[in-house]
Amino acid sequence: MSANYTDKLSAKHANKFSDFEQRKKAHIDLSLDPRTQAQTASHFEKIKLVHEALPEINLSDVSLETKLLGYQFSSPHFVSSMTAGHQNSKVINLRLAKAAAEKKWLMAVGSQRRELTDSQASFEWKTIKSQSPKTQFVSNIGLEELIQQPTIEILKLTESVEALGIYVHLNPLQEAFQNKDQANFKNGLAAIKKLCKASPVPVLVKEVGYGISKTTAQKLLLAGVEVIDVAGKGGTHWGLLEGLRDQTDAGLLADSSTAFKDWGFSAVESLIQCKALTKKNHFWASGGIRTGVDSLKCLALGARAVGVAQPLMKAALESDQHVVDVMNRFDYELKVALFGVGADSLKDLAKKKVWYVNGTI
Ligand SMILES: Cc1cc2nc3c(=O)[nH]c(=O)nc-3n(C[C@H](O)[C@H](O)[C@H](O)COP(=O)(O)O)c2cc1C
C-alpha cells in the first residue's frame, strides 16, 4: 500500500470522525432548543388517572422497585439512550452513569456506532464502566449498522459496558432528514432476527420518537425481540432537530421536516394499540416523559419501564447533582402518583384499572 494511499485513507477517516463529532455535538445543543421539542400532542393530557381519596396505604410504604432484564432496580425509570463517541460525551456519560448507580436506575448508552470503525472509541465506555462499576448498562446500535455489519461485531459492543442487553434503534425518518437519499433499511427485520438468534443477552428494540405500531411490534416479537420500547412522539423530535442542522439544498430537509411534525404515534397511542401484547410481553415506554405522572400513565397502560432522555441531558450539562435532582424528582412524582391512585407497588398497580381516556386520541 503506498504512503500516499494510506495518508488519503487516514484523512478520509479523520474527516469522517470530525463530521461525526460535530453532528453529535449539534444533536446535544439542538436537543435543548425548544423548537426541537414536539409541538404536537404526546397525548398524556388525554389520559386521566382515577384519584383515590381513600388510598388505605401510607406514602412511606410505596415502593418503585422492579425487575428489568432479570435484575433488580430501585425504579422503573431508566436513562434513555443518548450520546457517545465525541469530545464532550465522556463527561456527560460519566455524570449520567454515576447518578444511575447512586439511584440504582438502569442506563441505556448512546449509539455505539463509532466503535465499529474506531477501536479507540470503546475505551470511552470501558473507562466509564471502570469509574462507575455499579452502573448497569444496555448497549445501543442503529438498525442501519446492524444490517451492514457482521452480527459478531455488533455483539462485541456489549463487552465494553458489560451490557445486560442490546438496544437496536429504528430511526428511518431521522436518517431521511439527516442524509438525503441515504436511509437504508432494507432487510432490517432479517438482521434483527439474526441478532436475536446469536445474542447471549436480550435484544431490545426502540424508536427514537415516532412510536411503534401494533403490526410492527408483532413482527419484532416473532423475530425474538425481548423488549419493545415504543419511544413515541411528544418529546424530542428528531425530524425537526435534523432539519435545523440542514445547511444545504436551500433548506430542503429543514422545510420538509416540518411537514412531519405530527407524524407517528405517541407512547400513549402505541401502548393502547399494543394493549393485548403488553400483558404477555415486555413493553417499555419513552418519548416526551417529562414528569413522574407521565411515567405512571405509561405504567398503567402496560409499560414495565419508562425512559427519560432530554431532561437528563439538560441536567448532565449542568452538574452531577443536577442529574441526581432530576432523577429524584421523577421518582418522587411517580411515588406520589402511585399513592394517589391507591397502589403501593408496580405489582399492585398492574391489578387495578386506574385510567380512562378523556375525549378521543
Ligand atoms: C442528545 C440526544 C441524543 C440521542 N441519541 C440517541 C442514540 O444514540 N440512540 C438512540 O437510540 N436514541 C437516542 N436518542 C433518543 C432518545 O433515546 C429518545 O428516544 C428520544 O429523545 C425521546 O425521548 P425524550 O423525549 O425524553 O428526549 C437521543 C436523544 C437525545 C436528546
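Before reading on, note that the structure itself is shown above.
Residues numbered from 1 in each chain as written. Predicted model: local features only at pLDDT ≥ 70, side-chain atom pairs only at ≥ 80, totals over all residues. Heavy atoms only, no water.

Undergrad: Could you clarify how one ought to interpret the pattern of salt bridges in this entry?
TA: Close approach of charged atoms allows side chains with opposite charge to pair. Applying the stated rule across the entire model yields eleven salt bridges. In this structure, Asp331 engages Lys103 in a salt bridge whose closest nitrogen and oxygen atoms are separated by 3.8 Å. Of the two residues, Asp331 sits in helix α15 (residues 320-340) while Lys103 sits in helix α2 (residues 89-103), which places them 228 residues apart along the sequence. Among the residues examined, Asp331 registers a relative accessible area of 9% and is labelled buried. Two residues, Asp262 and Lys233, come together in a salt bridge whose shortest N-O distance is 2.6 Å. Separated by 29 residues along the polypeptide, Asp262 in the loop between α10 (252-258) and α11 (267-273) and Lys233 in the loop between β9 (227-229) and α9 (238-245) bring together distant segments of the chain. Classification of Asp262 by relative accessible area gives partly exposed; the value is 47%. (Salt bridge = Lys/Arg side-chain N within 4 Å of Asp/Glu carboxyl O. Helix = DSSP H or I, 4+ residues; strand = E, 2+ residues; numbered from the N terminus. Buried < 20%, exposed > 50% of the residue type's maximum accessible area, 1.4 Å probe, protein only.)

Undergrad: Help me out: how do you make sense of helix α3 (residues 122-131) in this one?
TA: Since the α-helix advances by 3.6 residues per turn, residues separated by three or four positions end up pointing in the same direction. Within α3, burial applies to Ser122, Glu124, Trp125, Ile128 and Lys129. Relative to the axis of α3, the buried residues are bounded by an arc of 155 degrees and lie together on one face. (Arc of directions from axis to C-beta.)

Undergrad: Sorry if this is basic, but what is going on with the site of the ligand here?
TA: Near the ligand there are 19 residues, and of these Ser81, Ser111, Thr236, Gly288 and Arg290 occur at the shortest range. Take Ser80: an N or O atom from its side chain is 3.2 Å from an oxygen atom of the ligand. Residue Ser111 places a main-chain N or O atom 2.8 Å away from an oxygen atom belonging to the ligand. Isolated, the ligand exposes 610 Å² of accessible area, and the fraction of that covered by the protein chains is 96%. (Near = heavy atom within 4 Å. Polar contact = N/O pair within 3.5 Å; in protein donor to acceptor, adjacent residues only side chain to side chain. Areas by Shrake-Rupley, 256 points an atom, 1.4 Å probe, with all protein chains shown as cover.)

Undergrad: Where do I start with the packing of aromatic side chains in this structure?
TA: For any two aromatic rings, the description comes down to two numbers: the centre-to-centre distance and the angle of the planes. This model, assessed by the stated rule, comprises five aromatic pairs. Taking the centre distance of 5.8 Å and the plane angle of 65 degrees together, the rings of Trp125 and Phe137 count as edge-to-face. Highlighted residues: Trp125 in helix α3 and Phe137 in strand β6 (residues 136-142), separated in sequence by twelve residues. For the pair Trp125 and Phe137, a shared accessibility class is recorded, and that class is buried. Every member of this aromatic cluster is reached through a ring pair, and the members are Phe78, Tyr167 and Trp284. Looking at Lys126, its charged tip hangs above the ring of Phe123, at a distance of 5.2 Å from the centre. The aromatic ring of Phe330 is capped on one face by Arg329, whose charged end is 4.7 Å from the ring centroid. (Phe/Tyr/Trp six-rings, centres within 6.5 Å; stacked < 30°, edge-to-face > 60°. Lys NZ or Arg CZ within 6 Å of the ring centre and 35° of its normal.)

Undergrad: Sorry, what's going on with the nonpolar core here?
TA: Across soluble globular proteins, nonpolar side chains show a tendency to be buried alongside one another. Ranked by internal contacts, the top residues of the largest apolar core, which has 81 residues, are Val79, Leu96, Ile192, Ile228, Phe283 and Leu312. The element best represented in this core is α15, accounting for eight residues. Those residues in contact with Ile228 that sit more than four places away from it in its chain are Val205, Ile212, Ala217, Leu220, Leu221, His282, Phe283 and Trp284. By size, the runner-up hydrophobic cluster in this structure holds 13 residues, among which are Phe73, Ala108, Tyr167 and Leu204. (Core = buried A, V, L, I, M, F, W, Y, C linked by side-chain atoms within 4.5 Å. Contact = heavy atoms within 4.5 Å.)

Undergrad: Looking at this structure, how should I read the environment of Val230?
TA: Along the chain, Val230 falls in the loop between β9 and α9. For Val230 and Phe260, which are 30 residues apart along the polypeptide, the C-alpha to C-alpha distance reads 18 Å. Among residues more than four places away in sequence, those in contact with Val230 are Glu207, Gly211, Ile212, Ala267, Ser270, Leu271, Phe283, Trp284 and Ala285.

Undergrad: For this particular structure, what's the right way to read the packing of helix α7 (residues 188-198) against helix α8 (residues 214-223)?
TA: Each pair of packed helices can be described by the angle between their axes along with the distance between the axes. Running from amino to carboxyl end, α7 crosses α8 at an angle of 35 degrees, the nearest separation of the two axes being 9 Å. Mapping the contact onto sequence places Leu189, Ile192, Lys193 and Cys196 in α7 and Lys219, Leu220 and Ala223 in α8. In terms of residue class, the contact of α7 with α8 is built from five nonpolar, no polar and two charged. (Axes fitted to C-alpha atoms, helices over the stretch in contact; angles between N-to-C directions. Nonpolar A, V, L, I, M, F, W, Y, C, P; charged D, E, K, R; others polar.)

Undergrad: I would appreciate a short explanation of the sheet that holds β9 in the present structure.
TA: Either a parallel or an antiparallel arrangement is found when strands of a sheet pair, and the pairing is made through backbone hydrogen bonds. Strand order in the closed barrel formed by eight strands is β4-β5-β6-β7-β8-β9-β10-β11, and the pairing between neighbours is parallel. The mean inter-strand angle of the sheet, taken between neighbouring strand axes irrespective of direction, is 30 degrees. (Pairing = 2+ DSSP bridges.)

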